[in-house]
Amino acid sequence: MSGRYADIVGELSRREATEVRLPSGLSVDVAAAQEEPVSNSEAASFLRLGDVPDAVLLNTIIQGVRRGAEKYTGRLFTRRQVTLTWREFYGRANLLYPPVDETTVQVEIKEDGSFSSVDAETDGDEVQVDGNLIDSPARITYEAGFETLPPNLRLQLLHDIRATFDHRDPMDGDTASDGGMISRNAYDQWRVRR
């Protein structure tokens, strides 16, 4: 190798040698939502339905729109516990579904067959563990999601519930189970940027 190609390969090799290794073997466990951020009666009122016509259908639409918006934004819209477990952890990681406000982040490293708590620093959605960890399994548990939805986020959910309800298949009804009709650009202000 000579010339420009050798320079590029050499630069890539130097980068690989200095890069921080990322955790691998991630499994994510998010607790189920105990209640939806928008109730059936609130959605029915917004849709001007009077009585809730089919509570199961409306609840399916609410859940689907919430799931779709959460997936798009990378945030949880209801307060829930999140547990991230890595097969190999190298001391630093970004939290999926970052906490919205102050929360306790518990970090445990597996040594000698069992997990034990270790000191860690958190900065926004990043966790850094003190000490030298090489290929250590780790588990991080924390609370994420909104305690109370911001009013404009709640209103956007209601608009997307209406769009999904209005465009449901009258024969099937279950159009929202995989995310509903969300207005992606309307959620950009809440989207996690990485």
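Residues numbered from 1 in each chain as written. Predicted model: local features only at pLDDT ≥ 70, side-chain atom pairs only at ≥ 80, totals over all residues. Heavy atoms only, no water.

> Would you take a moment to explain helix H3 (residues 55-73) for this structure?
An α-helix turns once every 3.6 residues. As a result, residues three or four positions apart point the same way. Between its first and last C-alpha atoms H3 spans 27 Å; for 19 residues at 1.5 Å apiece the expected length is 27 Å, and the two agree. By the burial criterion, the buried members of H3 are Leu-57, Leu-58, Ile-61, Ile-62, Gly-64, Val-65, Arg-66, Gly-68, Ala-69, Glu-70, Tyr-72 and Thr-73. Considering only its buried residues, H3 is in contact with helix H2 (40-46), strand S2 (80-89) and helix H4 (151-166). Phi turns positive one or two residues past the end of H3, at Gly-74, with a value near 75 degrees. (Helix = DSSP H or I, 4+ residues; strand = E, 2+ residues; numbered from the N terminus. Expected span 1.5 Å × (residues − 1). Buried < 20%, exposed > 50% of the residue type's maximum accessible area, 1.4 Å probe, protein only. Contact = heavy atoms within 4.5 Å.)

> Looking at this structure, how should I read the sheet that holds strand S3 (residues 92-94)?
Where strands meet in a sheet, backbone hydrogen bonds hold them as pairs that are either parallel or antiparallel. Taken in spatial order, the 3 strands of this open sheet run S3-S7-S6, and their pairing is antiparallel. Edge positions in the open sheet fall to S3 and strand S6 (120-123), since each of these has one partner strand only. Averaged over neighbouring strand pairs, the angle between their axes works out to 15 degrees when direction is ignored. For S3 and strand S7 (residues 126-129), the ladder comprises 3 bridges, and the chain directions are antiparallel. Considered in S7, the bridge of Arg-92 is made with Gln-128. (Pairing = 2+ DSSP bridges. Axes fitted to C-alpha atoms, helices over the stretch in contact; angles between N-to-C directions.)

> I keep staring at the sheet that holds strand S1 (residues 24-30) and nothing clicks. Help me out?
Spatially, 5 strands are ordered S1-S2-S8-S4-S5 in an open sheet, and the strand pairing comes out antiparallel. In this open sheet, the two strands that pair with only one neighbour each are S1 and strand S5 (114-117). For this sheet, the mean angle separating the axes of adjacent strands, direction not counted, is 20 degrees. Across 4 bridges, the pairing between strand S4 (residues 106-111) and strand S8 (residues 136-144) is antiparallel. Across the sheet, the residue bridging to Gln-106 is Thr-141, located in S8.

> How should the packing of H3 against H4 be read in this particular structure?
When two helices pack together, their arrangement is given by the angle between the helix axes and the distance between those axes. Interhelical geometry of H3 versus H4 gives an angle of 125 degrees and a closest axis separation of 9 Å. One way to sum up the angle between H3 and H4 is to call them oblique. With respect to the hand of their crossing, H3 and H4 are arranged in right-handed fashion. Across from Leu-57, Leu-58, Ile-61, Ile-62, Val-65, Arg-66 and Ala-69 in H3, the residues of H4 making contact are Leu-157, Asp-160, Ile-161, Thr-164 and Phe-165. (Parallel < 35°, antiparallel > 145°, perpendicular 65-115°, else oblique. Left-handed = near helix turned anticlockwise from the far one by under 90°.)

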